[in-house]
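# Notes for the structure review
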Amino acid sequence: VLDMGADKVLGQKPAHIVLVVNGPGLGKGLLRDRLVDEYGVAHLSSGNLLHDKVACDTPLGKECAKIMAHGDLVSSATITTL
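All figures in this text were calculated on a predicted structure; none of them were measured in a lab. (Residues numbered from 1 in each chain as written. Predicted model: local features only at pLDDT ≥ 70, side-chain atom pairs only at ≥ 80, totals over all residues. Heavy atoms only, no water.)

## Here we look at the overall build of the protein
When you go through the protein residue by residue, the secondary structure sums to five helices and zero strands. Starting at the N terminus and ending at the C terminus, the protein contains elements arranged as α-α-α-α-α. The buried share among the 82 residues of the protein stands at 6%. Relative to all contacts within the protein whose residues are 6 or more apart in sequence, the contacts with residues 24 or more apart total 19%. Looking at the protein as shown, the accessible area adds up to about 6,900 Å², and 59% of this sits on carbon and sulfur atoms. (Helix = DSSP H or I, 4+ residues; strand = E, 2+ residues; numbered from the N terminus. Buried < 20%, exposed > 50% of the residue type's maximum accessible area, 1.4 Å probe, protein only. Contact = heavy atoms within 4.5 Å. Areas by Shrake-Rupley, 256 points an atom, 1.4 Å probe, with all protein chains shown as cover.)

## Observations concerning a nonpolar patch on the surface
Taken together, the side chains of Ile-17, Leu-19 and Val-21 define a hydrophobic patch exposed on the protein surface, amounting to about 410 Å² of accessible area. Within the secondary structure, Leu-19 is located in the loop between α1 (5-10) and α2 (28-39). When its relative accessible area of 73% is taken as the criterion, Leu-19 is described as exposed. (Patch = residues over 30% accessible without salt bridge, like charges linked within 9 Å, V, L, I, M, F, W, Y side chains within 5 Å. Salt bridge = Lys/Arg side-chain N within 4 Å of Asp/Glu carboxyl O.)

In structure tokens:
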């Protein structure tokens, strides 16, 4: 059974989400700039979202700060709550 929750939120319209994933120095920033400039897409960076949440000094931000200070990865579940 497929979860149709996204259809309720998006109203049957495609989300048009582009994920750009690659190693350091391999052109993600260049591609991001082109997508923003040429197609007007919104840019969201999980790293920026995390750093902003830590700066707000909320309970979630404090938990993220602890995880990041240990060099661990913040869970996908936490990222999606940002």
